Amino acid sequence: MKRKLLAVLLSAAMICSLTACGGSADSSSADTADTTTDTATDAATDTTTDAAADTTTDAATDAAADTNADASGEGGSLTGTLKLGVVGPLTGAAALYGNAVDNGSQIAVEEINAESADFQIELNAQDDEHDAEKSVNAYNNLKDWGAQAIIGCVTTTPCVAVAAEAYADRMFMLTPSASATSVTEGNDNVFQLCFSDPNQGSASAQYIFDNKLAEKVAVIYNNADAYSTGIYQTFQAQADTLGLEVVSTTTFTDDTANDFSVQLTEAQNAGAELIFLPIYYTPASLIMKQAADMSYDVKLFGVDGMDGILSLEGFDTSLAEGVMLLTPFSADATDELTSSFVSKYESANSETPSQFAADGYDCPYAIYEALKYYAANNGGLNVDGMGYEELCDILISVFTDPAFTVDGVTGSGMTWTAAGEVNKAPKAVVIENGVYVGL
Amino acid sequence: MKKMSKSARSSFINYGIVIVFFVIFQVLSSAGKLSSSLSGQLIPICTYVVMALALNLVVGISGELSLGHAGFMSVGAFSGVVAAVSLQNSVTAAPLRLMIAIITGALLAAVTGVIIGFPVLRLQGDYLAIVTLAFGEIIKNILNCLYIGADSNGLHFSMKDGNSLNMEPGGTVIINGPMGALGIQKISTFLSAVILVLIVLFIIQNLVNSRAGRAIKAIRDNRIAAESCGLNIMKYKMMAFVVSAAMAGAAGALYALNYSTVVPKKFDFNTSILILVFVVLGGIGNLRGSIIAAAILTVLPELLRQFQDYRMLVYAIVLILVMIITNNSKAKAFIGSITGRFTKKAAVKE
């Protein structure tokens, strides 16, 4: 009898604790909302927003002029408060990427909120620990909060899982950095702000071939990682088409990312002059160290995962001298937009923004521009209390509109295909004296 | 009620808890009162409950330690996905397809369980822990190199890369190495998940209360005494271990078919330990404890989202507190006095 009662009591306690979740989520999100608006008003005094504001309004007016035929809505204004959710790894092994995107998007939202009091953005970032299950949980949490569109996910595998949920729900998603094609495949509501993996792999092969960087190329990639394997496969395919000779292909996994002497020796014995590293910067830093230790003087070529290597703690940046990487963003670019973003990011986070931060910065702007574009063509738009399904249709129609372009820090004149992939020019940079220099 | 044996009553309470859990959430969700955060977690909760029950059979009932149960889960997950995708056109009814996938996952996981258990369970000591630990890592690495595709000629396998599957142009790649299975149709439902929990509970409770179950427990308590009574140690240990592996496989298939993607990396050592935590905190050998611990500890990290950056810290503190309280004699006495009062009141009412 006692056990039975205890069981009833426990199950009741369990149910109470579960249902409590629904209620408490609301109050906590209200808190976060408050803080975001607070910081936004603080930023209103900041005068450096001009650069961003100018270019964006120009783009919008240009675009609006293009579709002048739609006369009914000239000069329509955008009003209301948009709730934007961010899903990314804020803790765990990939936390650097998630936090960079979060910080970058916060700066963009502060700038947008400072532009006009009529249109405000509330931002809420949720942690997914770079795990598909947690990511779907984070997404559902944001849905409960009332998110109207999602910036995310930051990493590929969680993004595929969340994209399927968002597709079923009709929630618009703009991913700053999930680069696999499987993210956008079959999901008309998901758009990428970064290059897709096939683009990165083939663009790297093309770049190496066109600039005659090397005759013999070696590849070291992580065969336990979707991102790394995806880029390798397209790199190899493009290299075969171009006739670029890949003399050594070696792999590692996350568990064996402590020693690369075997892979480096094989590359050296095969006479490779350049090693292509479609991997993240932590193992890459070890490869540089070991290559230097065995005095193997080789060119190293990375992709966007290599970005961030210079801010890695305890890393001797002199080892990265001469490393080339393909990235859409370099923090030392001199244009007004980039330098304003970099200085703000540095003062807020005391580190140089990585490409992920730049992607995160561009995402809210892309959505903001899209809404402004729609408002201008359709006689205004009030996003207050608008359902995410309705907003999703609006954003899809704008993003797939060829006349819609966005100028951001990761590229100017960005357009999107109906498949959700972005069109922008890749930039190659080389590390000289501890900073990126454009090639 | 009074004629029922103590164990049968306890079993029925367990079914009752699961059914009440199902009914309450079904009513809440049809009334639209359920947050999407929670409704998205119902199937993972059921999966982890099944995993915890399965592991409890090995750790609690048969007294062996398995540190690689996520490995069995991944075998079930990927074989279940392959079964579900390859039957997509021939079996149109989603529940039937889900059932076939779960059974396939359970069978393949059982086969791997036999392969692991056959040599290892003959040994005395902690060898099972060591071997299952290695098994979990091996299966993860094998799946990282495994490519499976399907076209009109049937299934194609490769250990090299996706291009060497030699498929017809219209074929689909089901498992793409480290990218895992992509584009899975979501066919798991809350109802099917609860049914799986009930079936697993039914099998384990009947096994534990049967002659074989008593033999398994006897071997756990005193191997030499059990052997001297003529019990076949190997047979009974295999029985518990293989049943447990099959259930983990079924849970894996259910889990994988709830998400549109599943990667081998998910089923690593951390997942194995997470399930062991459910079992240990719920009470080793205590099935009801496993159910409740798995459900609460799956939801807890989501409830703690309001703590933002300190979320996992709070989670760890909660785990430590639960461990301390459940092992503290004073705390136990306090809980006992509260429940004792309730029991007395109930007795007076009756």
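So, how was this worked out
Residues numbered from 1 in each chain as written. Chains lettered and ligands numbered in written order. Predicted model: local features only at pLDDT ≥ 70, side-chain atom pairs only at ≥ 80, totals over all residues. Heavy atoms only, no water. Helix = DSSP H or I, 4+ residues; strand = E, 2+ residues; numbered from the N terminus. Rg over C-alpha atoms; globule rule 2.2 N^0.38 Å. Buried < 20%, exposed > 50% of the residue type's maximum accessible area, 1.4 Å probe, protein only. Contact = heavy atoms within 4.5 Å. Areas by Shrake-Rupley, 256 points an atom, 1.4 Å probe, with all protein chains shown as cover. Lys, Arg positive; Asp, Glu negative; His and termini not counted. Charge placed at Lys NZ, Arg CZ, Asp CG, Glu CD. Domains from an automatic or database assignment. Buried area = accessible area lost by both parts, 1.4 Å probe. Salt bridge = Lys/Arg side-chain N within 4 Å of Asp/Glu carboxyl O. Nonpolar A, V, L, I, M, F, W, Y, C, P; charged D, E, K, R; others polar. Pairing = 2+ DSSP bridges. Expected span 1.5 Å × (residues − 1). Axes fitted to C-alpha atoms, helices over the stretch in contact; angles between N-to-C directions. Parallel < 35°, antiparallel > 145°, perpendicular 65-115°, else oblique. Left-handed = near helix turned anticlockwise from the far one by under 90°.

Participant: Help me understand the overall build of chain B in this model?
Facilitator: Helix and strand content of chain B: 14 helices and 3 strands. Compactness check: chain B gives a C-alpha radius of gyration of 22 Å against a globular reference of 20 Å for 350 residues, within 12% of the reference. Principal-axis analysis of the C-alpha atoms places the extent of chain B at approximately 75 × 60 × 45 Å. Expressed as a percentage of the 350 residues in chain B, the buried residues total 53%. Within chain B, residue pairs in contact and separated by at least 24 positions form 73% of the contacts whose partners lie at least 6 positions apart. Per element, the accessible surface of chain B, about 15,800 Å² overall, is 66% carbon and sulfur. When the 28 basic and 12 acidic side-chain charges of chain B are each reduced to a single mean position, those positions are 17 Å apart.

Participant: Could you clarify how one ought to interpret the domain arrangement of chain A in this entry?
Facilitator: In many reports, interface size means the accessible area that the parts give up when they come together. Residues and elements named next belong to chain A. What the domain assignment reports for chain A is domain 1 (52–195 + 336–425) and domain 2 (198–327). On a C-alpha basis, the centres of domain 1 and domain 2 stand 31 Å from each other. Each partner contributes residues to the interface: domain 1 has 10 residues there, and domain 2 has 11 residues. Interface area, domain 1 with domain 2, both sides summed: about 1,000 Å², of which 55% is carbon and sulfur. The largest per-residue losses of area from domain 1 upon contact with domain 2 belong to Tyr97, Phe195 and Gln355, which jointly make up 43% of the total buried on that side. The interface formed by domain 1 and domain 2 includes 0 salt bridges. Only helix H3 (95–115) and helix H11 (355–377) provide two or more residues apiece to the side of domain 1 that touches domain 2. Partitioned by chemical class, the residues of the side of domain 1 that touches domain 2 number 4 nonpolar, 5 polar and 1 charged.

Participant: Looking at this structure, I do not really get unusual backbone geometry. What am I missing?
Facilitator: The phi torsion of most residues other than glycine is negative, and most of the peptide bonds are trans. Residue and element names in this part refer to chain A. A cis amide bond links Gly152 to the next residue, Cys153, at an omega of -5°. Assignment of secondary structure puts Cys153 in the loop between strand S3 (149–152) and helix H5 (156–169). Even without being a glycine, Glu129 presents a positive backbone phi close to 55°. Here Glu129 lies in the loop between strand S2 (119–127) and helix H4 (132–145). Unlike most non-glycine residues, Lys212 shows phi in positive territory, near 50°. Along the chain, Lys212 turns up in the loop between helix H6 (197–210) and strand S6 (216–222). Among the residues examined, Lys212 registers a relative accessible area of 69% and is labelled exposed.

Participant: Any chance you could explain the pairing of strand S2 (residues 154–158) of chain B here in plain terms?
Facilitator: Two faces belong to every sheet, and in a regular strand the side chains alternate between them. Across 5 bridges, strand S1 (residues 147–151) of chain B lies against S2 of chain B in antiparallel orientation. The partner of Tyr147 of chain B across the bridge, within S2 of chain B, is Ser158 of chain B.

Participant: It is not clear to me how helix H11 (residues 269–282) of chain B should be interpreted in this structure. Could you clarify?
Facilitator: Note on helix geometry: an α-helix contains 3.6 residues per turn, so any two residues three or four positions apart are oriented the same way. Residue and element names in this part refer to chain B. Counted at 1.5 Å a residue, the expected span for H11 with its 14 residues is 20 Å, and the 20 Å between its end C-alpha atoms agrees. Residues Thr271, Ser272, Ile275, Leu276, Phe278, Val279, Leu281 and Gly282 constitute the buried set of H11. Each element contacted by the buried residues of H11 is listed here: helix H3 (42–61), helix H4 (69–86), helix H12 (287–303) and helix H13 (311–327). Directly beyond the C-terminal end of H11, a positive phi value near 110° is found at Gly283.

Participant: Whenever I open this one, the sheet that holds S6 of chain A confuses me. Can you help?
Facilitator: Within a sheet, adjacent strands bond to each other through the backbone by hydrogen bonds, running parallel or antiparallel. Residue and element names in this part refer to chain A. On the basis of which strands lie adjacent, the open sheet formed by 7 strands has the order S7-S6-S8-S9-S10-S15-S16 and mixed pairing. Strand pairing shows two members of the sheet lacking a second neighbour, strand S7 (245–252) and strand S16 (435–438), which therefore form its edges. The average angle at which neighbouring strand axes cross in this sheet is 25°, direction not considered. Pairing geometry for strand S8 (residues 274–277) and strand S9 (residues 299–302), over 4 bridges, is parallel. In the strand pairing of S9, Phe276 is matched with Phe301. The strands that helix H7 (residues 226–242) touches are S6, S7 and S8; relative to S6, the one it contacts most, it runs at about 160°. Sitting on the sheet, helix H8 (residues 261–269) touches S6, S7 and S8, and the angle it makes with S7 is about 170°.

Participant: Looking at this structure, I do not really get the packing of H3 of chain B against helix H7 (residues 190–208) of chain B. What am I missing?
Facilitator: Residue and element names in this part refer to chain B. Closest axis-to-axis distance for the H3/H7 pair is 8 Å, and the angle between their directions is 15°. Between H3 and H7, the crossing angle belongs to the class labelled roughly parallel. Between H3 and H7 lies a crossing whose hand is left-handed. Along its contact with H3, which presents Leu42, Ile43, Cys46, Val49, Val50, Leu53, Ala54, Leu57 and Ile61, the element H7 presents Phe190, Ala193, Val194, Leu196, Val197, Val200, Leu201, Ile204, Leu207 and Val208. A breakdown of the residues in the contact of H3 with H7 according to their chemical character gives 19 nonpolar, no polar and no charged.

Participant: How should the environment of Ala149 of chain A be read in this particular structure?
Facilitator: All names here are of chain A. Tracing the backbone shows Ala149 in strand S3. Once the C-alpha coordinates of Ala149 and Gly387 are considered, the two residues, 238 residues apart in sequence, prove to be 9.6 Å apart. Not counting chain neighbours up to four residues away, the residues in contact with Ala149 comprise Lys83, Leu84, Gly85, Met171, Phe172, Leu391 and Leu395.

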